[in-house]
Every structure is written in structure tokens, then in C-alpha cells.
Amino acid sequence: MACWYEGPLAAFDTETTGVDVEADRIVSAAVVVQDAPGARPRITRWLVNPGVPVPAAATEVHGLTEEHLHRNGRWPAPVMYEVAQVLAEQAAVGRPVVVMNAPFDLTLLDRELRRHRASLLDRWFERSPLLVLDPWVLDKHLDRYRKGRRTLTDLCAHYGVALEDAHDAGADAVAALEVTRAVGRRFASRLERLSPGELHTLQAVWHAAQARGLQAWFARNGAEEVVDPAWPLRPGLPAAA
């Protein structure tokens, strides 16, 4: 049987109004499905009218203006339902889903579902768990002493993966999927015996350790940033009394 990195994979990515998972909104999303390495990926895309202003800084990143989203985007409620449904379909067939920096995109989706559907993302995976592969966590654990940044662009350069039209949700999802396959091949001796389910569990442990290390670094440098160790989804904030 082929190793997971030579088998069917999916990938998920979003573009947003900012980087605050509790307050910012999704403006575009994509799910990519690839049946085998080298096969043409099938890409499902969504464009969202977030119903809130789109900061110029966000538009500079992904190129989606507030006017364009207002004219061409759909309302968030049906989109978030459809995205969650497609991810649940991947879980149901046991297809791992690549999500670069999973706690960001999956938490944003969870908050959008709460906001617009009065639902939780976890509810969609009660029957079949979502098996997540996070190239950021994998690369950082497997090549922990390599210096330099580890953005998707950096990982693509390091692993020789083409990234065209960066910050398009579909393009980023395809690139993250290919990086994950490349990580698997490069570290095959350490990964080939692990199932996606086992690797999902290990990534939660690895991410927590990485978060503790980063938190300690912030403390040594007098920074006040708080690093959340939860992976692949951050817990919801307590309801106000």
C-alpha cells in the first residue's frame, strides 16, 4: 500500500480580512482534491461578501477589494455551510486534508459557522474525524534547526514547489498540498510507517511543543504575545457572563 504522501490528499485554504481569528472574516476559500501525485487537482472555490469593511492592507495581500466582493461574493451563511460540508466529505472517505497553519484557517471557519450558522465546526466531524496535515508543523518538527522563515512561499522555495498566484486560496491550497507531499518524501524514513490518524495526533503534540518554545522566546525578549498551543482548532472563547 502506498504511503499517505503518495495517495489521495485534499487541501483547504482561505483569504481573509485580517489575522484575528475571533474578529476577522473569510473573503474567499478553496478546497482542492488530488487523487494521486501528478493528477490534475479538482478545485472548488468560494467568494464571500463578508458584510464588513475589507481593510486596504488585506486587499494588498489577496487583491480582493470590498467593491468586488460586494458585487461578486455570496453571503457567508450558505458558503460556510458548503465549505464545512465539503470538508466533512473528505473526512467521510478518510482523505487527509492539508491545511497550512491549520489553527488559523480552521478556527476562522469555526467562528464563521458560529457567527452565521449557530454551529460548530467539530459538529461536522462527529461521525468521521477530520485528518489534518499541516506542512508548517511537519516541517518545523522534522527540520527544526533550519534557520529562516517558514511561510508557504518559503516552504515552496525550500522544497522546490512552484507557487503561482500566491495568496489566491486555490493556488495556495495546491502549493501546500505539494509541499506536504515533498515533506513526506524527504523524511520518508520517519513518516512512511505513520498513518494519517497517527500523524494527526502527533502534530497536536508537536505544535504544542513548538508553541511553548515560541512563548519562551517571546518571554526572553520581553514581548507580550500569547501563543495558543491548540491544534488544529483553537477552542472557542468563553461566553460573556
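Everything discussed here concerns the structure shown above.
Residue numbering note: each chain is counted from 1, following its sequence as written. The predicted nature of this model means local features are confined to residues of pLDDT at least 70 and side-chain atom pairs, given and counted, to a pLDDT of 80 or more, with totals for whole chains, interfaces and linings taken over all residues. Note: side-chain values were computed over all heavy atoms of the structure, leaving out hydrogens and water.

Some details on the overall build of the chain
And then number 1: For the chain, the helix and strand inventory stands at nine helices and five strands.
And then number 2: The order of α-helices and β-strands along the chain, N terminus first, is β-β-β-α-α-α-β-α-β-α-α-α-α-α.
And then number 3: In this treatment the radius of gyration is a C-alpha quantity, and the globule benchmark scales as 2.2 Å times the residue count to the 0.38 power. Against the compact-globule benchmark of 18 Å for 241 residues, the chain has a radius of gyration of 18 Å, which places it among compact chains.
And then number 4: By its C-alpha atoms, the chain is 50 × 50 × 35 Å across when sized along the principal axes.
And then number 5: Type-normalised accessible area, obtained with a 1.4 Å probe on protein chains alone, sets the label of each residue: buried when under 20%, exposed when over 50%, and partly exposed for intermediate values. Counting across all 241 residues of the chain, residues that qualify as buried make up 49%.
And then number 6: When contacts within the chain are restricted to residue pairs at least 6 apart in sequence, long-range pairs at least 24 apart make up 67% of them. Under the scheme used here, helices are H or I runs from DSSP no shorter than 4 residues and strands are E runs no shorter than 2 residues, and both carry numbers assigned from the N terminus. Here, two residues are considered to be in contact whenever any of their heavy atoms come within 4.5 Å of each other.

Concerning the pairing of strand E2 (residues 26-34)
And then number 1: Counting buried positions along E2 gives nine out of nine residues, so the element sits mostly inside the fold.
And then number 2: By definition, two strands form a pair when at least two bridges between them are found by DSSP. Bridging between strand E1 (residues 9-16) and E2 involves eight bridges; their strand directions are antiparallel. Residue pairing in the sheet places Leu-9 in a bridge with Gln-34 of E2.
And then number 3: With six bridges joining them, E2 and strand E3 (residues 42-47) adopt antiparallel strand pairing. Of the residues in E3, the one forming a bridge with Val-32 is Ile-43.

Brief notes about the pairing of E1
And then number 1: The element E1 is largely enclosed, with a buried count of eight among its eight residues.
And then number 2: Of the two faces of E1, the one lined by Leu-9, Ala-11, Asp-13 and Glu-15 and the one lined by Ala-10, Phe-12, Thr-14 and Thr-16 are each fully buried.
And then number 3: Pairing of E1 with strand E4 (residues 97-98) involves two bridges; the strand directions are parallel. If you follow Ala-11 over to E4, its bridge partner there is Val-98.

Structural notes on the environment of Glu-89
And then number 1: The topology assignment puts Glu-89 in helix H3 (residues 76-92).
And then number 2: Taking the C-alpha atoms as reference points, Glu-89 and Asp-105, 16 residues apart in sequence, are found 18 Å from one another.

Some thoughts on the sheet that holds E3
And then number 1: Strand order in this open sheet of five strands is E3-E2-E1-E4-E5, and the pairing throughout is mixed. This sheet does not close on itself; its edge strands, each paired only once, are E3 and strand E5 (132-133).
And then number 2: Only the stretch in contact is used when a helix axis is fitted, and all axes are lines through C-alpha atoms; the angle between N-to-C directions ranges over 0 to 180 degrees. Sheet strands in contact with helix H7 (residues 169-186) are E1, E2, E3, E4 and E5, and its direction is about 140° off that of E1.

Brief notes about the side chain of Gln-210
And then number 1: As for its placement among the helices and strands, Gln-210 is situated in helix H9 (residues 196-220).
And then number 2: Look at Gln-210 and you get buried, because its relative accessible area is 12%.
And then number 3: Among residues more than four places away in sequence, those in contact with Gln-210 are Trp-136, Val-137, Lys-140 and His-141.

As for the nonpolar core
And then number 1: Buried residues of nine kinds, namely Ala, Val, Leu, Ile, Met, Phe, Trp, Tyr and Cys, make up a nonpolar core once their side-chain atoms join them within 4.5 Å. Phe-12, Leu-106 and Leu-109 are the most contacted members of the largest nonpolar core, which totals 60 residues.
And then number 2: At eight residues, H3 tops the list of elements feeding residues into this core.
And then number 3: Setting aside residues up to four positions removed in sequence, Leu-106 forms contacts with Phe-12, Val-99, Leu-121, Leu-130, Val-132, Pro-232 and Leu-233.

Observations concerning the pattern of salt bridges
And then number 1: The term salt bridge refers to a pairing of a side-chain nitrogen on Lys or Arg with a carboxyl oxygen on Asp or Glu at a separation within 4 Å. Under the counting rule described, the total for this entry stands at 13 salt bridges.
And then number 2: Among the ionic pairs, Arg-74 bridges to Glu-82, the shortest N-O distance being 2.7 Å.
And then number 3: Bridged by salt links that share partners, the residues Glu-22, Asp-110, Arg-111 and Arg-114 form one connected network.

In short, geometric facts, not functional conclusions.
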